Amino acid sequence: MTIFWIFLSVVGAASVIAFFAYLIDKQRAIGGRWRIRESFLLGLGFIGGATGALVAMKLFRHKTRHWYFWAANIFFLALHITAAVLILVKFVF
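An account of the accompanying structure is given in this report.

Cut-offs and rules
- Residues numbered from 1 in each chain as written.
- Predicted model: local features only at pLDDT ≥ 70, side-chain atom pairs only at ≥ 80, totals over all residues.
- Heavy atoms only, no water.
- Helix = DSSP H or I, 4+ residues; strand = E, 2+ residues; numbered from the N terminus.
- Polar contact = N/O pair within 3.5 Å; in protein donor to acceptor, adjacent residues only side chain to side chain.
- Contact = heavy atoms within 4.5 Å.
- Expected span 1.5 Å × (residues − 1).
- Buried < 20%, exposed > 50% of the residue type's maximum accessible area, 1.4 Å probe, protein only.
- Salt bridge = Lys/Arg side-chain N within 4 Å of Asp/Glu carboxyl O.

**As for the side chain of H62**
Note that H62 resides in the loop between helix 2 (38–60) and helix 3 (67–92). A polar atom in the side chain of H62 sits 2.6 Å from the side chain of D25. When sequence neighbours within four positions are dropped, the list of residues in contact with H62 reads Y22, D25, K26, A29, R35 and M57.

In structure tokens:
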């Protein structure tokens, strides 16, 4: 059960970081300043921040016109859910 909570903690922390990264990038876009690299934003989704990224995309209307941001983050979210289920099945039940 401990590994499951560790996994959820990592995903939760990555989601919070991704959420704020999208917020900062949106603010920089509005201000015309240097932006956060798209590869960095997508990388945050990959390491566990897909939920935060998707919420931020919708809430801040940021990167919503880029189909690959939707596709990648939904795919990463599906991977995270699958990993959580597999961890539960293997280590808890």
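On we go from here.
**Re helix 3**
An ideal rise of 1.5 Å per residue puts 38 Å on 26 residues; helix 3 measures up with 37 Å between its terminal C-alpha atoms. All of the buried residues along helix 3 are F69, A72, N73, F76, H80, A84 and I87. For helix 3, the secondary structure elements touched by its buried residues are helix 1 (2–31) and helix 2.

**Points about the environment of G43**
Tracing the chain through its elements places G43 in helix 2. Remark: the alpha-carbon pair of G43 and A72, spanning 29 residues in sequence, is separated by 9.7 Å.

**With respect to the pattern of salt bridges**
Taken as a whole, this structure holds two salt bridges when the rule is applied. Among the salt bridges present, the one from D25 reaches R35, with a minimum N-O distance of 3.1 Å. With D25 in helix 1 and R35 in the loop between helix 1 and helix 2, this residue pair connects regions lying 10 residues apart in the sequence. Given the relative accessible area of 0%, D25 is considered buried. As a salt-bridge pair, K63 and E38 come within 3.2 Å of each other at their nearest N and O atoms. Placement of the pair is K63 in the loop between helix 2 and helix 3 and E38 in helix 2, with a sequence separation of 25 residues.

Note that every value here comes from positions in space, so none of it alone points to a role or purpose.
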